[in-house]
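Observations on the three-dimensional arrangement
What follows is each chain in one-letter form.
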Amino acid sequence: MSGGRMRQPYHHGDLRRALLTAATEAIVEAGPAALSLRDLARRVGVSHAAPAHHFGDKTGLLTAIAAEGLELLAGALEAAGGDILATGQAYIRFAVTHRAHFEVMFQPSLLHAEAPELVAARQRAGQALSDSLTDPRVTDGVADQARLAAWSIAHGFATLWLAGALPPDLGGDAPDAAAPVLRLLFEHPPAT
């Protein structure tokens, strides 16, 4: 018993999954900087050593969250079926529905950058984004610029949306609000 509260024993079947879920909830509440393994253990109701057993340290935990997020993002992008506008909307939808993952995935200083699961997930997500450039609206000779522009627009829009920095009259659905912005890339293609 600690502080008048008895810690409930852990009864889940998958402790690693429970720790990841609790960590993403904590990141949504206070950001990745505030996350601690000790608090995470308290949230899940396990010993303070349990998170370290599964992830090594906080960086290992954040790396696992980033790898999971990149795999989820890759699946969302693949489901867009190669349409670059749908891919951009899928990217934004992912950011809004998986905020904690999104906040961690693109902060290399928080991660073990060379962790095999992170490298593999990053490659899969990158390939899914590249595959969207088979869209006939992407002309030969500008695929690299189009990929960077599409990613920049989608990522920037998602980041601004999550920060609450966009005008409120855009409505409540981020992917729909982003569609006209994403279309600008193809209505005014870059010069070759």
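Now for a look at the structure at hand.

Rules of the game
- Residues numbered from 1 in each chain as written.
- Predicted model: local features only at pLDDT ≥ 70, side-chain atom pairs only at ≥ 80, totals over all residues.
- Heavy atoms only, no water.
- Helix = DSSP H or I, 4+ residues; strand = E, 2+ residues; numbered from the N terminus.
- Buried < 20%, exposed > 50% of the residue type's maximum accessible area, 1.4 Å probe, protein only.
- Contact = heavy atoms within 4.5 Å.
- Core = buried A, V, L, I, M, F, W, Y, C linked by side-chain atoms within 4.5 Å.
- Expected span 1.5 Å × (residues − 1).
- Polar contact = N/O pair within 3.5 Å; in protein donor to acceptor, adjacent residues only side chain to side chain.

Here we come to the side chain of Thr87. With respect to the helices and strands, the residue Thr87 is situated in helix α5 (residues 84-97). Since its relative accessible area comes to 2%, Thr87 is described here as buried. If we ignore the near neighbours within four places in the chain, the residues touching Thr87 are Leu77, Ala80, Leu129 and Ser132.

Let's shift gears to the nonpolar core. The biggest cluster of nonpolar side chains holds 56 residues, and the ones touching the most others in it are Leu40, Val44, Leu61, Ile65 and Ile92. Ranked by the residues each element gives to this core, the list is headed by helix α4 (residues 58-79), at 10 residues. Dropping the residues within four chain positions of it, Leu40 is found in contact with Leu19, Ala22, Ala23, Pro51 and Leu61.

With that settled, the discussion passes to the environment of Leu62. Here Leu62 is to be found in helix α4. Linking Leu62 and Leu35, residues 27 residues apart in sequence, is a C-alpha distance of 9.3 Å. Once you skip the residues sitting within four places of it in the chain, Leu62 turns out to touch Ile27, Pro32, Leu35, Val104, Leu110 and Leu111.

On to helix α1 (residues 15-30). The end-to-end C-alpha separation of α1 is 22 Å, in line with the 22 Å expected for 16 residues at 1.5 Å each. Leu15, Ala18, Leu19, Leu20, Ala22, Ala23, Thr24, Ala26 and Ile27 are the residues of α1 that are buried. Looking at the buried residues of α1, the elements they touch are α2 (37-44), α3 (50-55), α4 and α6 (99-105). Capping of α1 at its N-terminal end is provided by Asp14; its side-chain oxygen lies 3.4 Å from the backbone amide nitrogen of Arg16. Of the residues trailing α1, Gly31 is marked for its positive phi of about 90°.

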